[in-house]
Amino acid sequence: DFCLSRGLGDVYKRQVPNFVPRVSTAGHNGIRVAQTRSIWFGALASMAAGILFALSFVATPVKFLAANVPTAELLAVGRVTFRASLLVELILLAVLLILARRRMRYALCVVATILALQWLVLMPLLDARTLATMAGNAPPPSFLHLYWIIADLLRLALYLILATLSFREALRLE
């Protein structure tokens, strides 16, 4: 009885590997990791582009179409929204920098530089104009908003280019 069960055990042991799929780790794991990384990078770059587009080119101008809402209140909401969107974008940028391959990091540094210039140079000037408007003073016309929009368009284009390149890379690795 012992020999029979021992013999059958050996037969089963020899047959089990035929039913278990063999996964070669030589090269496939590295490709799968790179592909997954590219997909996540593309998804997050797309998300950053979507948030930027929605806030800067949809929500911000549309809020001023609200009837019977004082401009000062709309501007106050805008100030809070812009600061919250900065935090979200900084988090996304940090994760993108972690996921990025070397050449993608350069483009992300350009995005970060544009964002820094917007917030360190343009935002204090725009914020002063906003506070003056909220206080009832009409500031003179300026091109500051146009500069902000151009910077947003550059960031949006970079995010979309990065997402496209990343998804193409993931497809190439397939």
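Please refer to the structure placed before this passage.
In this report, the structure presented in the accompanying data block is examined.

1. Overview of the layout of surface pockets
Link 1 in the chain: Estimated volume of the largest pocket: approximately 560 Å³.
Link 2 in the chain: Of all the secondary-structure elements, those providing two or more residues to the lining of the largest pocket are helix H2 (28–63), helix H3 (71–99), helix H4 (102–134) and helix H5 (144–173).
Link 3 in the chain: Here the element with the most residues in the lining of the largest pocket is H3; it accounts for 7 residues.
Link 4 in the chain: Taken together, the residues of the lining of the largest pocket sort by class into 10 nonpolar, 7 polar and 6 charged.

2. Side note on the packing of H3 against H4
Link 1 in the chain: Direction vectors running N to C along H3 and H4 enclose 165°, while the axes themselves pass 12 Å from each other. Classified by the interaxial angle, the pair formed by H3 and H4 is roughly antiparallel. Considering only the axes of H3 and H4, their crossing is left-handed.
Link 2 in the chain: Taken together, the residues that form the contact of H3 with H4 break down as 18 nonpolar, 2 polar and 5 charged.

3. Re the packing of aromatic side chains
Link 1 in the chain: Going through the model one piece at a time under the given rule, you end up with 4 aromatic pairs.
Link 2 in the chain: Ring geometry for Phe 143 versus Tyr 147: centroids 6.4 Å apart, planes at 35°, classification tilted.
Link 3 in the chain: Residue classification places Phe 143 among the exposed positions, given a relative accessible area of 57%.
Link 4 in the chain: Taking the relative accessible area as the measure of exposure, Tyr 147 reaches 45% and is therefore partly exposed.
Link 5 in the chain: In this structure an aromatic cluster arises from ring pairing among Phe 82, Trp 119 and Trp 148.

Criteria and cut-off values
- Residues numbered from 1 in each chain as written.
- Predicted model: local features only at pLDDT ≥ 70, side-chain atom pairs only at ≥ 80, totals over all residues.
- Heavy atoms only, no water.
- 1 Å grid on protein atoms, 1.4 Å probe; cavity = no way out; pocket = protein on both sides within 12 Å on 5 of 7 lines; lining within 4 Å.
- Points joined across faces, edges and corners; volume = space filled by probe spheres on them.
- Helix = DSSP H or I, 4+ residues; strand = E, 2+ residues; numbered from the N terminus.
- Nonpolar A, V, L, I, M, F, W, Y, C, P; charged D, E, K, R; others polar.
- Axes fitted to C-alpha atoms, helices over the stretch in contact; angles between N-to-C directions.
- Parallel < 35°, antiparallel > 145°, perpendicular 65-115°, else oblique.
- Left-handed = near helix turned anticlockwise from the far one by under 90°.
- Phe/Tyr/Trp six-rings, centres within 6.5 Å; stacked < 30°, edge-to-face > 60°.
- Buried < 20%, exposed > 50% of the residue type's maximum accessible area, 1.4 Å probe, protein only.

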